[in-house]
Amino acid sequence: MGHEGPYLQLRPLGGGREWDADPARLRPLGPAELLSARVAEANARSRTGLGLGDIRGSPRADGSKDFGR
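Residues numbered from 1 in each chain as written. Predicted model: local features only at pLDDT ≥ 70, side-chain atom pairs only at ≥ 80, totals over all residues. Heavy atoms only, no water.

Caption draft 1: Molecular detail of the pattern of salt bridges. Applying the stated rule across the entire model yields 3 salt bridges. Notably, a salt bridge pairs arginine 27 with glutamate 33, separated by 2.8 Å at the nearest N-O pair. Residue arginine 27 is classed as exposed on the basis of its relative accessible area of 56%. Across the pair arginine 45 and glutamate 41 runs a salt bridge, and its minimum N-O distance is 4.0 Å. Taken together, the positions of arginine 45 and glutamate 41, both in helix 1 (residues 31-47) and 4 residues apart, correspond to about one turn of that helix. A residue is classified by how much of its surface remains accessible, and arginine 45, at 54% relative accessible area, is exposed. Given the relative accessible area of 35%, glutamate 41 is considered partly exposed. (Salt bridge = Lys/Arg side-chain N within 4 Å of Asp/Glu carboxyl O. Buried < 20%, exposed > 50% of the residue type's maximum accessible area, 1.4 Å probe, protein only. Helix = DSSP H or I, 4+ residues; strand = E, 2+ residues; numbered from the N terminus.)

Written out as structure tokens, the structure is:
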């Protein structure tokens, strides 16, 4: 997070384009919001490198299923 003039520049947790935010309209995350954001981030990290084809019984790109045979 940075600042440009009177605005703070924020970026999504997962990365992406930053945007300008008025500091007077910001507030800290509540406990439930913080937990939700951290769980979403952990879930995204756990899926890194996994494709649907890696999961037994999941549909393949061609529509067939992989039953581990």
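Caption draft 2: Focus on the environment of leucine 8. Counting through the fold element by element, leucine 8 comes out in strand 2 (residues 7-10). For leucine 8, a relative accessible area of 22% puts it in the partly exposed group. The sequence separation of leucine 8 and glutamate 18 amounts to 10 residues, and the corresponding C-alpha distance is 9.7 Å.

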